[in-house]
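Okay, here's what each chain looks like letter by letter:
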Amino acid sequence: MSEKQAMIRVQNLKKSFGAVEVLKDINLEVKKGEVVVLIGASGSGKSTLIRCINFLEIKNGGDIFIEGKSIDPKKDDLSKVRQKVGMVFQHFNLFPHKTVLENVIEAPLIVRKIDKEEAKKEAMQLLKKVGLEEKADVYPSALSGGQKQRVAIARSLAMKPKIMLFDEPTSALDPELVGEVLETMKQLAREGMTMIIVTHEMGFAKDVADWVAFMDKGKILELAAPDEIFNHPKEERTREFLTRVL
Ligand code: ADP
Ligand code: MG
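Residues numbered from 1 in each chain as written. Chains lettered and ligands numbered in written order. Predicted model: local features only at pLDDT ≥ 70, side-chain atom pairs only at ≥ 80, totals over all residues. Heavy atoms only, no water.

The chain appears in an unreviewed UniProt entry as Arginine ABC transporter ATP-binding protein from Brevibacillus panacihumi W25. Database annotation for the chain, UniProt heading Subcellular location (unreviewed entry): "Cell membrane". (UniProt positions renumbered as here; feature names shortened; annotations may be inferred.)

Here's what the structure looks like:
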C-alpha cells in the first residue's frame, strides 16, 4: 500500500515581523483528503501560519512543500500556487458592485482564462453546491452574512483548488448563521477536499477534523486526533486553553 500523498508539508517554518518571531520552527504535514483544524489563543500565530502556506506572508526560514514541491517565493509563480491553495477569510470581501454569479466567475475568467459560458455553467454548479443557486443574480448587499460566506467559498472553489484554507470563516457571523457555513465545509470534507481550518467551533473540530493542532506562542504545541486533544490533552497549556473555550 502506498502512503497517501502529502499535499502540504511545512518544515521548520519561521516567520518574524520585525524583531518579533511569530512562527518558531513549525512542522506540519497534511495528506490528501485530510482536515486539520488549528486552534489556539488569539495571537498564537494561526493566521500567520496559513497565510504563509498561501504565500500571502513570506517565510523567513524553513520550507513549504505543496504537492511535494518546495515553493521558492523568489522563483515560483505564486499566483499559480494560490490557484492550487484556495483561501477563505473571516470577512468575505465580495465585490459589492457585482452580482453573486459575477463574483464567482471573475477569477476563472481572468486567471484560468476559460470562456464566459463555461465559467457561468461551472459557477452555477458551485452555487448549487453551496445552496445558493437562486441567488445568482442578486448583489451581495441582499445576502445574509452566512450566504455571503457561502458565496465566498464558491468563489474560491471556482479556481478548482486542491487545498482549501479557512481563517475563522464563521467568526464574523451572527450565531444563527454559523451552522450553514459549517455544513458547507463539512460537505467539502466529505467530498475529500484537503483543508486547514482555523476555528473556535470546537464541536465542528470534533466532528470533522482528522487532526487538531494546538498552537501556542508561535509553535504547534500538540497535534493529535480530536478525541486525544479534547479528552486527553497531553500539554498543560492545551488543557488550560480548552477549559477557557469549551
Ligand atoms: P492568530 O491568528 O493566532 O490570532 P496571528 O497570526 O494573527 O495570530 O498573529 C500572531 C502574532 O503576529 C501576533 O502577535 C500579531 O500581533 C503578530 N502579527 C501578525 N501579523 C502581523 C503584521 N502584519 N505585522 C506585525 N505583526 C503581525
Ligand atoms: Mg487569526
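We are not done yet, so read on.
Draft legend 1. Main features of helix H3 (residues 100-112). Taking 1.5 Å of rise per residue, the 13 residues of H3 would be expected to cover 18 Å, and the 19 Å separating its terminal C-alpha atoms lies within 8% of that figure. Where H3 bends most, the angle comes to about 25°, and this point is glutamate 106, followed within four residues by the proline proline 108. Within H3 the residues assigned to the buried category are Val100, Leu101, Asn103, Val104, Ile105 and Pro108. Contact partners of the buried residues in H3: helix H4 (116-129) and helix H5 (145-157). Among the residues trailing H3, lysine 113 stands out with phi positive, at a value near 55°. (Helix = DSSP H or I, 4+ residues; strand = E, 2+ residues; numbered from the N terminus. Expected span 1.5 Å × (residues − 1). Bend = angle between axes of the 7 residues up to and from the residue. Buried < 20%, exposed > 50% of the residue type's maximum accessible area, 1.4 Å probe, protein only. Contact = heavy atoms within 4.5 Å.)

Draft legend 2. Quick look at the nonpolar core. The biggest cluster of nonpolar side chains holds 50 residues, and the ones touching the most others in it are Ile39, Leu127, Ile153, Phe166, Met185, Met195 and Ile197. The element contributing the most residues to this core is helix H6 (residues 175-190), with seven residues. The contact partners of leucine 127, leaving out residues within four places of it in the chain, are Val100, Leu101, Val104, Leu132, Glu133, Ala136 and Ala154. Core analysis: the second largest hydrophobic core is formed by 30 residues, Leu23, Leu28, Cys52 and Ile71 among them. (Core = buried A, V, L, I, M, F, W, Y, C linked by side-chain atoms within 4.5 Å.)

Draft legend 3. Just the packing of H3 against H4, in detail. One can describe the packing of H3 onto H4 by two numbers: an axis separation of 9 Å at closest approach and a directional angle of 130°. When the axes of H3 and H4 are compared, the pair comes out oblique. Here H3 runs over H4; the crossing is right-handed. Counting all contacts with H3, which are made through Val100, Leu101, Val104, Ile105, Leu109 and Arg112, the residues of H4 involved are Lys116, Ala119, Lys120, Glu122, Ala123, Met124 and Leu127. (Axes fitted to C-alpha atoms, helices over the stretch in contact; angles between N-to-C directions. Parallel < 35°, antiparallel > 145°, perpendicular 65-115°, else oblique. Left-handed = near helix turned anticlockwise from the far one by under 90°.)

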